[in-house]
Structure formats: C-alpha cells, structure tokens
Amino acid sequence: MDLAIWDYPPAEFLVSGFTSGAVSNPFQIKRHRPEECAALLVEDEVDAALMPSMLALQASNALDIIPSVGLVSWRYPYARLAWSGGLHDFPETIAYDRRVAQERLVTRIILHEHYQVDPTFVPYDQRPPKKLIETDEDAALMVGPEVPSLQPEPFTIDIGREWYELSNYPMVWGMYATKRDRATDEMIEALIASGEAADENRDVWVQAQETTASLNEFYREDLRTGLDKLAIASLTEFRKYLFYYDVTEDIPDLPFVYLDEEEEEDESLNH
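Let me begin by describing the structure that accompanies this report. (Residues numbered from 1 in each chain as written. Predicted model: local features only at pLDDT ≥ 70, side-chain atom pairs only at ≥ 80, totals over all residues. Heavy atoms only, no water.)

1. Re the packing of aromatic side chains
Here comes step 1: Tallied over the entire structure, the rule returns 20 aromatic pairs.
Here comes step 2: Where Tyr-76 meets Phe-218, the ring centres are 6.4 Å apart and the plane angle is 65°; that geometry is what we call edge-to-face. With Tyr-76 in the loop between strand S4 (63-73) and strand S5 (79-83) and Phe-218 in helix H10 (residues 213-222), the pair connects residues that are 142 residues apart, well separated along the chain. As far as the burial class goes, Tyr-76 and Phe-218 line up, both buried.
Here comes step 3: Ring centres 5.9 Å apart and planes at 75° place the aromatic pair Trp-163 and Tyr-241 in the edge-to-face group. With Trp-163 in helix H7 (residues 159-167) and Tyr-241 in helix H11 (residues 229-244), this residue pair connects regions lying 78 residues apart in the sequence. In terms of burial, Trp-163 and Tyr-241 fall into one category: buried.
Here comes step 4: Among the aromatic side chains, those forming a connected cluster through ring pairs are Trp-6, Tyr-8, Phe-13, Tyr-76, Tyr-78, Trp-173, Trp-205, Phe-218 and Tyr-219.
Here comes step 5: For the cation-ring pair, Arg-104 lies above Phe-121, with the distance from its terminal atom to the ring centre recorded as 5.0 Å. (Phe/Tyr/Trp six-rings, centres within 6.5 Å; stacked < 30°, edge-to-face > 60°. Helix = DSSP H or I, 4+ residues; strand = E, 2+ residues; numbered from the N terminus. Buried < 20%, exposed > 50% of the residue type's maximum accessible area, 1.4 Å probe, protein only. Lys NZ or Arg CZ within 6 Å of the ring centre and 35° of its normal.)

What follows is the structure in structure tokens.
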C-alpha cells in the first residue's frame, strides 16, 4: 500500500511510529506538498493520504476518514502571517501562495471573526514564503517547512495559536483519508498505531531533531497525533465555518470509518 504524507517535519512526527520501527509498517511512504498528497489520492496514485482537513471535508461524500489519528496542534510555527503594522494597523492586502488554500481560509476566518477586519488576499503562483515577504502587499501569509527558520522583520502571528484563541480548541491541520470504502482493517490499525507510537516515543524523536528552543517546545507541548474530544470539537467548529464562508454548500459530514469489529459492537448496542 502507498501512503502520501506532507513533506513537513510535523508529518514526519506523525509517522515516526513507522519510521522508527516501533510498529509494523505496511506502507510505502511518499512525501509531497499537502495539496499534492490530496491530488495523488484523488488520482488513485496512493491508497491513503494525509489530507488538509479543509480538502478532506470538501470531498467528504467521496472519502473515508481514519479515526483517532491526525495532525493537530495548539500553535503552528509552519503558518504565520507577517506584516509591519502590528495589531493596531492591520494589513489591507495579504500575499499568499495560491496552493495553501486551507491556511488562507483559516487566516481569513481569524481576521474577520477575531479582529473584525477583512483584507484582500492576493494570490501568487508557487512563490516561497521568503519571496512573499518581498511583494508589494501589506502582509505575507507564510506557510511551509521553511517558515520556522525565517526571521522576518515585521510583526508576525501564529495561525494555529490564533485559531485556538478564537475557538478554544487546537487546530486539526490534516487527517488521513482514503477513497470511500477503500480503507482496510490493516490500514486503519497501522495508522492509528503509528500515531500512538509517535506519542509514546516523542522525547526520543525530538532529541534526534535539530530544533530551536521554540520548535522543541512545539514538538513537546503543542503537537498532537490524536483526534480526541477537543480535536473533534475543533473540527465541528471548522465545519460550520466552511459552510458560513461558502466553501461548502452545507455543513459537511465527518465520514469516519471504523474497524469491522467496532461496527459490529455498535450494531449490537443498537439492537
């Protein structure tokens, strides 16, 4: 089986149960940009993919979501909005790479709901974060694995932390998905087990990384691999916003798929 994950360090932590040998790995792991992982799944190039939550929910009628595991965080150094004015002088225009649709939407929601401002988002084609800062726009939405190492002069806000301050829940950035009715028990068990093993071996994994003090704290304290009650509540809020902001025609379902024995237990409880 083939699994597509993001070429971001947080995604590497999510699958570190596999890569460390802590659990059996039935997958060939392929690493790509988040939107490319989604495209590979749609095109049947992989069996499962870590998909941005927004894209997974937009296609919820055609997908199954693996339960209990996902890329979740209370803050997120890999998505930051940078501008010079600070909170007393919000930007009127924001440069962003048009491929980062989810982060653009979350930023728009935060600015409107939390700060009552509605700047114009100006798309650029395949422009790295460092180059976005150099545009003529008032602000730059910087997203990607290189963002934590950038030290822009302007004021910056962490989009993950801002989502938490708005919703009181951690942001669910990504979820594992398959095409509808394609998930197997082996796949579900392996993905959940890898996430659990990543949590159990967190300290060992973090010590092996070359991180700053801030990133070290992020990996130890803020990054989660489980879709617990708080993460599900966050997804519930996010699903509502997808509808309110006309991203979906209605509030999308959250199409979790479960192991066969769990479904049998549910059915026995209903009879």
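2. Brief notes about the side chain of Asp-97
Here comes step 1: Turning to its location among the elements, Asp-97 is positioned in strand S6 (residues 93-97).
Here comes step 2: Looking at Asp-97, its side chain comes within polar contact range of the main-chain nitrogen of Arg-127, at 3.2 Å.
Here comes step 3: Ignoring anything within four residues of it in the chain, the contact list for Asp-97 reads Tyr-124, Gln-126, Arg-127 and Leu-132. (Polar contact = N/O pair within 3.5 Å; in protein donor to acceptor, adjacent residues only side chain to side chain. Contact = heavy atoms within 4.5 Å.)

3. Considerations on the pattern of salt bridges
Here comes step 1: Inspection of every chain in the model, using the stated rule, returns 14 salt bridges.
Here comes step 2: Among the ionic pairs, Lys-131 bridges to Glu-134, the shortest N-O distance being 3.9 Å.
Here comes step 3: Judged by its relative accessible area of 43%, Lys-131 is partly exposed.
Here comes step 4: In this structure Glu-134 comes out as exposed when scored by relative accessible area, which is 53%.
Here comes step 5: One salt bridge in this structure joins Glu-237 and Lys-240, with 3.9 Å as the shortest N-O distance. One end of the pair is Glu-237 and the other is Lys-240, both in helix H11 and three residues apart, which spans about a single turn.
Here comes step 6: The exposure class of Glu-237 is partly exposed, given its relative accessible area of 25%.
Here comes step 7: Residue classification places Lys-240 among the partly exposed positions, given a relative accessible area of 31%.
Here comes step 8: One continuous salt-bridge network, built from bridges that share partners, spans Asp-44, Lys-179 and Arg-182. (Salt bridge = Lys/Arg side-chain N within 4 Å of Asp/Glu carboxyl O.)

4. Side note on the packing of helix H5 (residues 101-115) against H7
Here comes step 1: For the pair H5 and H7, the least separation of the axes is 10 Å and the interaxial angle reads 45°. By the angle between their directions, the pair H5 and H7 is classed as oblique. Note on packing geometry: the crossing formed by H5 with H7 is left-handed. Contact with H5, carried on its side by Val-106, Thr-107, Ile-109, Ile-110, Glu-113, His-114 and Tyr-115, involves Ile-159, Glu-162, Trp-163, Glu-165 and Leu-166 of H7 and no other residues of that element.
Here comes step 2: Partitioning the contact of H5 with H7 into residue classes produces seven nonpolar, two polar and three charged. (Axes fitted to C-alpha atoms, helices over the stretch in contact; angles between N-to-C directions. Parallel < 35°, antiparallel > 145°, perpendicular 65-115°, else oblique. Left-handed = near helix turned anticlockwise from the far one by under 90°. Nonpolar A, V, L, I, M, F, W, Y, C, P; charged D, E, K, R; others polar.)

5. Some thoughts on the pairing of strand S1 (residues 2-6)
Here comes step 1: Counting buried positions along S1 gives four out of five residues, so the element sits mostly inside the fold.
Here comes step 2: Bridge count for S1 against strand S2 (residues 28-32) is five bridges, and the pairing is parallel. Directly across from Leu-3, in S2, lies its bridge partner Ile-29.
Here comes step 3: The pairing of S1 with strand S3 (residues 48-52) spans two bridges and is classified as parallel. For Ala-4, the partnering residue across the bridge sits in S3 and is Ala-49. (Pairing = 2+ DSSP bridges.)

6. Describing the pairing of S6
When a strand is regular, its side chains alternate between the sheet's two faces.
Here comes step 1: Across the five residues of S6, four count as buried, placing the element largely inside the fold.
Here comes step 2: Relative to strand S7 (residues 120-124), S6 is paired through five bridges, and the arrangement is parallel. Directly across from Asp-97, in S7, lies its bridge partner Tyr-124.
Here comes step 3: In this fold, the crossover linking S6 to S7 by way of H5 has right-handed handedness.
Here comes step 4: Direction of pairing for S6 relative to strand S8 (residues 139-143): parallel, over a ladder of two bridges. Looking at S8, one finds that Ala-95 is bridged to Ala-140. (Right-handed = clockwise from strand over helix to strand, strands pointing away.)

7. Focus on the environment of Trp-163
Here comes step 1: Relative accessible area serves as the criterion here: at 0%, Trp-163 is assigned to the buried category.
Here comes step 2: Not counting chain neighbours up to four residues away, the residues in contact with Trp-163 comprise Val-106, Ile-109, Ile-110, Asn-168, Tyr-169, Pro-170, Met-171, Ser-234, Glu-237, Phe-238 and Tyr-241.
Here comes step 3: There is a polar contact of 3.0 Å between the side chain of Trp-163 and the side chain of Ser-234.

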